[in-house]
Amino acid sequence: ASSFARMFVQVCLYFYCKCLWRCLKFVVRKLTGQCELQRICYNTKPGAARTMKIEASLKGSKSKRLQTSVNVHPDAIEKTIDDIMELKRINPDINPQLGVSLQACLLQIVGYRNLIAEVEKLRREPYDSENPQHEEMLLKLWKCLKPNSPLKARISKQWCEIGFQGDDPKTDFRGMGLLGLYNLVYFAEWDTEVAQQVLTDSLHPKYSQLSKAEWEKKKFDKAIGYSFAIVGINITDLAYNLLVSGALKTHFYNVAPEAPTLTHFQQTFCYLMHEFHKFWIDEDPLDIMEFNRVREKFYKRILRQLQNPEMALCPHFAASENLINM
């Protein structure tokens, strides 16, 4: 009985707060002459803060048309903006900038949803050694990381040199499917110098670019290496979880002027790989058995950073060179 009474009170409190909030919004609109969408666009600067408020406002609207506007096809966004302006009785001739701002926000919101679908499709596609494109990508990974060491055979112990567990890397992609390979190839091809240095350090951490004095000062003598490719697949899983949980909205809404793309996701992976490598060295683990502890600590640090609406993990994206304020 007490449990039912508690639940009843909570339900009543929820509806009371909801009604109170709607009444407050009505009063504010009458006082300001602006709807909530207008107030957000006019009083919040472009980026995650504005887009996340617009997203919450649309999803929380009592109008089904507004609620479903965050799920439209990208080609229908312009029509959706017209519908929103009409529904809210906003004259586009008097408020021309509002339509532009709403369009930018909706492109980001819809783009984020589509990016999740694209990433999920890659994650679910298994590596197929009979597929020439899959094999070509795998061989490209080797060539980018070990340009001066030809691969002697497709099935070879050499794969362990870049951090795979056995003679045939295909078995290591089971957890993340093609997504793990896509990310590793992107890192090796487009951030080659950093990728090769991280690989070298992961194999021989004591022989990094730091001087001997710096190593001794930071007590890196215990620092051990790790399996580069396996960690790359693991960091792919970390990036995937940040994406599907919505944590990366802060980052993508701040760096992608319109719809975030797979390239944005892959560049975020490159950043996470580089940062995890530095974090691993700083943590100075006793052995590889501490990997899960270090990874969890790193994950929580990234989550804390993403709670800041101003946060951009790596703002200088090649995919975002044309970033403009809308």
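Residues numbered from 1 in each chain as written. Predicted model: local features only at pLDDT ≥ 70, side-chain atom pairs only at ≥ 80, totals over all residues. Heavy atoms only, no water.

### Some thoughts on the overall build of the chain
Of the regular secondary structure elements, the chain holds 14 helices and zero strands. Going from N to C terminus, the chain has its helices and strands arranged as α-α-α-α-α-α-α-α-α-α-α-α-α-α. The burial tally for the chain puts 45% of its 326 residues in the buried class. The long-range share in the chain, meaning contacts at least 24 apart out of those at least 6 apart in sequence, stands at 68%. When the accessible surface of the chain is summed, it comes to about 18,100 Å², and 55% of that surface belongs to carbon and sulfur atoms. (Helix = DSSP H or I, 4+ residues; strand = E, 2+ residues; numbered from the N terminus. Buried < 20%, exposed > 50% of the residue type's maximum accessible area, 1.4 Å probe, protein only. Contact = heavy atoms within 4.5 Å. Areas by Shrake-Rupley, 256 points an atom, 1.4 Å probe, with all protein chains shown as cover.)

### Describing the packing of aromatic side chains
A complete count under the given rule lists 16 aromatic pairs for this structure. Summarising the aromatic geometry, the rings of F164 and F173 are spaced 5.6 Å apart at their centres and angled 65 degrees between planes, so their arrangement reads as edge-to-face. Each member of the pair, F164 together with F173, is buried. Here the aromatic rings of W280 and F291 are separated by 6.0 Å at their centres, their planes lie at 50 degrees, and the arrangement is tilted. Within this pair, whereas W280 is found in helix 13 (residues 262-283), its partner F291 is found in helix 14 (residues 291-306), the two being separated by eleven residues in sequence. (Phe/Tyr/Trp six-rings, centres within 6.5 Å; stacked < 30°, edge-to-face > 60°.)

### Comments concerning the packing of helix 3 (residues 48-59) against helix 6 (residues 96-124)
Packed helix pairs are specified by the crossing angle of their axes together with the interaxial distance, meaning the distance between the axes. One way to put it is that helix 3 packs onto helix 6 with a least axis distance of 9 Å and a crossing angle of 85 degrees. On the basis of their axis angle, the class for helix 3 and helix 6 is roughly perpendicular. Along the contact surface, helix 3 presents R50, T51, I54, E55 and L58, while helix 6 presents S101, L102, C105, L106, Q108 and I109. The residue inventory of the contact of helix 3 with helix 6, partitioned by class, reads six nonpolar, three polar and two charged. (Axes fitted to C-alpha atoms, helices over the stretch in contact; angles between N-to-C directions. Parallel < 35°, antiparallel > 145°, perpendicular 65-115°, else oblique. Nonpolar A, V, L, I, M, F, W, Y, C, P; charged D, E, K, R; others polar.)

### Some details on the environment of V185
Within the fold, V185 resides in helix 8 (residues 177-190). Linking V185 and L141, residues 44 residues apart in sequence, is a C-alpha distance of 5.1 Å. Those residues within four positions of V185 in sequence are excluded, and the remaining contacts are M137, K140 and L141.

### Let's talk about helix 5 (residues 77-87)
All of the buried residues along helix 5 are I77, T80, I81, I84 and M85. Considered in projection along helix 5, the buried side chains sweep an arc of 140 degrees and stay on one side of the axis. Turned more than 90 degrees away from the buried face of helix 5, the exposed residues are E78, K79, D82 and E86. Where helix 5 terminates, the next one or two residues include R89, which has phi positive at roughly 55 degrees. (Arc of directions from axis to C-beta.)

### A closer look at the nonpolar core
Across soluble globular proteins, you tend to see nonpolar side chains buried next to one another. With 85 residues, the main nonpolar core has I54, L141, L181, L242, F265 and L272 as its most contacted residues. Residue assignment places this core across two domains, with domain 1 (34-123) and domain 2 (129-307) each supplying three or more. Ignoring any residue separated from it by four or fewer positions in sequence, one finds L272 in contact with I235, L238, A239, L242, F298 and I302. (Core = buried A, V, L, I, M, F, W, Y, C linked by side-chain atoms within 4.5 Å. Domains from an automatic or database assignment.)

Take it as geometry only, folks, not as evidence of what the structure does.
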